[in-house]
Amino acid sequence: IKKGLKQWKFILVISFKEKDKQFIEELEKSVTGYPIEIVKNVDSKVLQDLYRKTKIYWHAAGFGEDLEKHPELAEHFGIATVQAMEQGAVPVVLNAGGQKEIVFDNQNGFLWNSQEECIEKTEKLMKDKKLWEKLSPNAEKKAEEFTVNTFCQNLSAIMQ
């Protein structure tokens, strides 16, 4: 924003428990004046609507953690990532856990290993509409591999 970024809005979707309410309130105060919206504890219908509007989907579970000692802190599969991809969002996700089994760098999204790399790849997508237009349909196509219908077809093929 301070570098002149315009026409973008960051929406942080977060689920939290009552014990974390004060932290969330402090977070909301800290983003005042920026094009940031914090959406709290939404149901799946609202979440799907947000995915439909999303251009870029970030996921960073495990970032900053020692994943050699605690691999469980990374995203195991990435169902939220797949749900966003299904709606055409281009994922920019931490190169760890199940994310790297779903997202293929510069093919259907981006993988990153550092904060700088996340920012660089996000800015690249924001500035290059043709790149986004190339990756978005690829993300949607990859998400099709995880539908119930595809699962049933694959299971049926195995059972025959």
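Peer 1: Describe the overall build of the chain, listing the residues and the values that go with them.
Peer 2: The helix and strand inventory of the chain stands at seven helices and five strands. For the chain, the α and β elements follow one another from N to C terminus as β-α-β-α-β-α-β-α-β-α-α-α. Considering only C-alpha atoms, the chain reaches an extent of 60 × 40 × 35 Å along its principal axes. Relative to its 160 residues, the chain shows a buried fraction of 31%. Contacts in the chain between residues at least 24 apart in sequence constitute 59% of all its contacts with a sequence separation of at least 6.

Peer 1: Could you give an account of the pairing of strand E1 (residues 10-14), naming the residues involved and the relevant values?
Peer 2: Here five bridges tie E1 to strand E2 (residues 36-40), and the two strands are oriented parallel to one another. Bridged to Val13 within E2 is Val39. The parallel pair E1 and E2 is bridged by helix H1 (residues 21-30), and the resulting crossover is right-handed.

Peer 1: Tell me about the sheet that holds strand E5 (residues 110-112), and please be specific about residues and values.
Peer 2: The strand order across the open sheet formed by three strands is E3-E4-E5, and the pairing between neighbours is parallel. Strands with a single pairing partner mark the edges of an open sheet, and in this sheet they are strand E3 (56-59) and E5. Taken over all neighbouring pairs, the strand axes of this sheet differ in orientation by 15° on average, direction set aside. In this structure, E3 lies alongside strand E4 (residues 90-94), joined through four bridges in parallel fashion. Bridge pairing links His59 to Val93 in E4. Docked against the sheet, helix H6 (residues 129-144) engages E4 and E5, running at close to 80° with respect to E4.

Peer 1: Residue-level account of the side chain of His59, with values.
Peer 2: Counting through the fold element by element, His59 comes out in strand E3. At 3.3 Å, the side chain of His59 forms a polar contact with the side chain of Gln99.

Peer 1: Tell me about the pattern of salt bridges, residues and numbers included.
Peer 2: Where charged atoms from two side chains of opposite charge come close, those side chains can pair. Here the structure, examined in full by the defined rule, presents eight salt bridges. Ionic pairing is found between Asp20 and Lys19, a salt bridge with its closest N-O pair at 3.9 Å. Residue class for Asp20 comes out partly exposed when judged on its relative accessible area of 29%. Across the pair Glu117 and Lys121 runs a salt bridge, and its minimum N-O distance is 3.2 Å.

Peer 1: Can you tell me about the packing of aromatic side chains, naming the residues and giving the values?
Peer 2: Counted by the stated rule, this structure contains four aromatic pairs. Between the aromatic rings of Phe10 and Trp58, the centroid separation amounts to 5.2 Å while the plane-to-plane angle is 45°, which identifies the pairing as tilted. Taken together, the positions of Phe10 in strand E1 and Trp58 in strand E3 put the pair 48 residues apart, joining distant regions of the chain. Taking the relative accessible area as the measure of exposure, Trp58 reaches 41% and is therefore partly exposed. Ring centres of Tyr51 and Tyr57 lie 6.1 Å apart, and the angle between their planes is 70°; on these two criteria the pair is classed as edge-to-face. Residue Tyr51 is classed as buried on the basis of its relative accessible area, which comes to 7%. The exposure class of Tyr57 is buried, given its relative accessible area of 13%.

Calculation rules
What you see as residue numbers is a count from 1 along each chain, following the sequence as written. Under the rules for a predicted model, residues below a pLDDT of 70 receive no local features and side-chain atom pairs below 80 are neither given nor counted, while totals for whole chains, interfaces and linings still include all residues. The basis for the side-chain values is all heavy atoms of the structure; hydrogens and waters are excluded. Helix numbering and strand numbering both begin at the N terminus, where a helix is a DSSP run of H or I of at least 4 residues and a strand a DSSP run of E of at least 2. For every residue, the accessible area obtained with a 1.4 Å probe (protein chains only) is divided by the maximum for its type, and the residue is called buried under 20%, exposed over 50%, and partly exposed between those limits. In this analysis, two residues are considered to be in contact whenever any of their non-hydrogen atoms come within 4.5 Å of each other. A pair of strands counts as paired when DSSP detects no fewer than two bridges linking them. A crossover counts as right-handed when, viewed with the strands pointing away from the observer, the path leading from the first strand over the helix to the second turns clockwise. Lines are fitted to the C-alpha atoms to define the axes, a helix being fitted only along its stretch in contact, and any angle between axes, read from their N-to-C directions, falls within 0 to 180 degrees. N or O atoms closer than or at 3.5 Å make up a polar contact, with two conditions inside protein: a donor-capable atom paired with an acceptor-capable one, and, for residues adjacent in sequence, both atoms drawn from side chains. Should a side-chain nitrogen of Lys or Arg be within 4 Å of a carboxyl oxygen of Asp or Glu, the pair is scored as a salt bridge. Here a Phe, Tyr or Trp ring, Trp counted by its six-membered ring, pairs with any other such ring whose centre lies within 6.5 Å, and the pair is stacked when the planes are under 30 degrees apart, edge-to-face when over 60, and tilted otherwise.

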